[in-house]
Amino acid sequence: MTDKLRSDWDPRSEGVLRNQRAAYDEMREHCPVAYSDIMQWSLFRHRDITRVLHDEDTFSSVVSQHLSIPNGMDPPEHKVYRHLIEPYFAPARMDAFEPSCREIIIELLDQVPAQSDVELMADIAQPYAVRVQCAFLGWPSSLYDPLVQWAHKNTEATRTGDRQAMSEIAREFEALVVDMLEVRRQDGAKPGDDITADLMYEKVWGRPLSHKEITSILRNWTVGEIGTISAAIGILVHYLAKHIEVQKRLREQPSLLPGAIDEILRIHGPLVANRRITTCPVEIGGRKISAGERISLNWISANRDGDVFDSPNSFRLDRDPTENLLYGAGIHVCPGAPLARMELLAVMEALFEHTEWIEAVAEKPAINAVYPASGFSSLPLRFTTTQ
Ligand code: HEM
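Residues numbered from 1 in each chain as written. Predicted model: local features only at pLDDT ≥ 70, side-chain atom pairs only at ≥ 80, totals over all residues. Heavy atoms only, no water.

## Details of the site of the ligand
Note the threshold: Throughout, the term near means that a residue has one or more heavy atoms lying within 4 Å of the molecule or strand in question. We call two N or O atoms a polar contact when they sit within 3.5 Å, provided that within protein one can donate a hydrogen and the other can accept it, with sequence-adjacent residues counted only if both atoms are side-chain atoms. Only runs of H or I of at least four residues qualify as helices and only runs of E of at least two qualify as strands under DSSP, and these elements are numbered from the N terminus. For this classification, Asp, Glu, Lys and Arg are treated as charged, while Ala, Val, Leu, Ile, Met, Phe, Trp, Tyr, Cys and Pro are nonpolar and the rest, including Gly, are polar.
In the neighbourhood of the ligand, 25 residues make up the surrounding shell, with His 78, Arg 82, Arg 276, His 332 and Cys 334 lying closest. Take Arg 82: an N or O atom from its side chain is 2.8 Å from an oxygen atom of the ligand. One nitrogen or oxygen atom from the side chain of His 332 is found 2.6 Å from an oxygen atom belonging to the ligand. Mapped by element, the contributors of at least two residues to the shell around the ligand are helix 4 (77–85), helix 10 (211–242), strand 7 (273–278) and helix 14 (337–354). The element that contributes the greatest number of residues to the shell around the ligand is helix 10, accounting for five residues. Residues belonging to the shell around the ligand are distributed by class as follows: 14 nonpolar, eight polar and three charged.

Encoded structure:
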């Protein structure tokens, strides 16, 4: 019997949307396993979420009938596709791709006029994420704007729960991928030409990947890239603008950047949540949950849990990195983490080279992004440049 008499909270209320971090902190303190009509169960505590991540028999990832590779899969199917995609994020590929990321961020920073105000999300974070994504896949620059528009529509449809819009958006992305595949087929593309061509030659269960499978793989990469990477860039740069002692320390010791990036993104997570569904009745935090119930794992909250992170709001480089759930844990741990880490480091290093100082603009406050996005929808900052 499910323990659900009424909603414990409203995930789409004005208060939650206005300041997601504060709202999730409040939930973790007062109702860490919470039911809502919209999302069913939400988990806010690090220990409850860790339990779910390591028990895929009880907490399935097959949360929808739509194909989602490998996010929406359980073992043994999940393992087959994981095995296929992991090499795309191998260290040698990351090393080879790093100079392209640097080139992209330097080109964007060079367009910023000296000593000026920057709208960080629109001028730097989003264009960087989409250009990197196209460079990674071998896609043309004519797709920059359509992909940004697609990602916005996708976020909006997820927020409003508009299923018809979601289907249309999925079809739109599939048409785009099919075009990319067709161009390569006509050009006689070979493996090694680019990642999109490589995927055309991949095999599962002894046969080539179908268009639907390639589309699903690329859709999940695109969401990881355009949604989460751009949110992460906004969060990182905003944090440095607001915490001058941290900015100063990292400028003096840039070798601290890799650990600092993961720590800042622990304090302010760029990804809100992922889902599971129960396969049998369970009890979590004293709440009884039936089989077939949806569970949302709130990453932002888990990483701010004071039971695991002493003074969770403090920036500290001596924390145990294995507790940080930024990239998840267990079999679904983010395969794109090496790419994400390399891209974020490239941005931060280039920003430090290009600027002497970054500060917030008092008269133009940042505007928080609303669920399902995290970070900022608008982030005006002042760059003091080195030119
Ligand atoms: C700062 C950036 C990123 C963050 C914080 C992040 C975070 C995460 C997290 C927490 C998960 C686990 C989801 C779960 O357990 O349900 C995940 C999975 C995943 N991420 Fe990322 N991610 C990022 C960037 C990327 C990028 C750049 C890509 C690909 C280009 C990517 C591709 C994926 C895929 C395919 C999965 C599903 C893995 C599976 O189900 O086995 N992510 N990510």
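## Quick notes on the sheet that holds strand 10 (residues 294–298)
Stated formally: At least two bridges found by DSSP between two strands are what make those strands a pair.
One open sheet holds the five strands; their spatial order is 1-2-10-7-3, and the pairing between them is mixed. Pairing within the sheet leaves two strands with one partner each, and these edge strands are strand 1 (33–36) and strand 3 (59–60). Of the pairings in the sheet, the one linking strand 3 to strand 7 comprises two bridges and is antiparallel in character. Following the sheet pairing, Phe 59 is matched in strand 7 by Thr 278.

## Section: the coordination of the iron atom of the ligand
Between any two of four tetrahedral donors, the ideal angle at the metal is 109.5 degrees; between two of six octahedral donors, it is 90 or 180 degrees. Cut-off, in case you're wondering: Here a donor is an N, O or S atom found within 2.8 Å of the metal, or within 3.2 Å if the metal is Na, K or Ca; sites may look incomplete because water is not among the atoms.
Only one protein atom coordinates the iron atom of the ligand: Cys 334 (SG), located 2.3 Å from the metal. Within the fold, Cys 334 resides in the loop between helix 13 (299–302) and helix 14.

## As for the nonpolar core
Going by this rule: Joining through side-chain atoms within 4.5 Å is the link that ties buried Ala, Val, Leu, Ile, Met, Phe, Trp, Tyr and Cys residues into a set, and such a set is a nonpolar core. Relative accessibility under 20% of the residue-type maximum defines a buried residue, over 50% an exposed one, and the middle range a partly exposed one, all with a 1.4 Å probe and only protein chains included. By definition in these notes, contact holds between two residues if any of their heavy atoms fall within 4.5 Å.
Ranked by internal contacts, the top residues of the largest apolar core, which has 86 residues, are Tyr 128, Trp 139 and Trp 221. The leading source of residues in this core is helix 10, at 14 residues. Ignoring sequence-local partners within four residues, the contact set of Trp 221 consists of Ile 85, Tyr 88, Phe 89, Gln 133, Phe 136, Leu 137 and Ile 195. Core analysis: the second largest hydrophobic core is formed by 17 residues, Val 33, Tyr 35, Val 282 and Leu 325 among them.

## Side note on the layout of surface pockets
In this approach a probe as big as a water molecule rolls over the atoms, and the regions it shows empty are the leftover space. Condition: Using protein atoms alone on a 1 Å grid, points that fit a 1.4 Å probe yet trap it form a cavity, whereas open point sets bounded by protein on both sides within 12 Å along at least five of seven lines form a pocket; residues with an atom within 4 Å of a point count as lining. Grid points are joined across faces, edges and corners, and a volume is the space filled by probe spheres set on the points.
Approximately 260 Å³ is the volume found for the second largest pocket. Going through the elements one at a time, helix 12 (257–267) and helix 14 are the ones with two or more residues in the lining of the second largest pocket. Per-element tally for the lining of the second largest pocket: the top contributor is helix 12, with four residues. The class makeup of the residues in the lining of the second largest pocket is five nonpolar, three polar and eight charged.

## Topic: the sheet that holds strand 4 (residues 117–119)
Just so we agree on the cut-off: For every element, the axis is a line fit to its C-alpha atoms; helices are fit only across the contacting stretch, and the angle between N-to-C directions ranges from 0 to 180 degrees.
What the three strands build is an open sheet, ordered 4-14-11; its pairing is antiparallel. Edge positions in the sheet fall to strand 4 and strand 11 (355–360), since each has one partner strand and no second. Recorded for the sheet is a direction-independent mean angle of 35 degrees between the axes of neighbouring strands. Sheet analysis places strand 4 next to strand 14 (residues 380–385), joined by three bridges and oriented antiparallel. Bridge pairing in strand 14 places Glu 119 opposite Pro 380. Running over the sheet, helix 10 touches strand 11 and strand 14 and is turned about 90 degrees from strand 11.

## Overview of unusual backbone geometry
Note the cis peptide between Pro 75 and Pro 76, where omega equals 5 degrees. Relative to the helices and strands, Pro 76 resides in the loop between strand 3 and helix 4. Across the junction of Tyr 371 and Pro 372, the peptide omega takes the value 5 degrees, indicating a cis bond. The phi angle at Gln 40 is positive, at roughly 60 degrees, despite the residue not being glycine. Residue placement: Gln 40 occurs in strand 2 (residues 40–43).

Any functional reading would require information beyond the geometric quantities listed.
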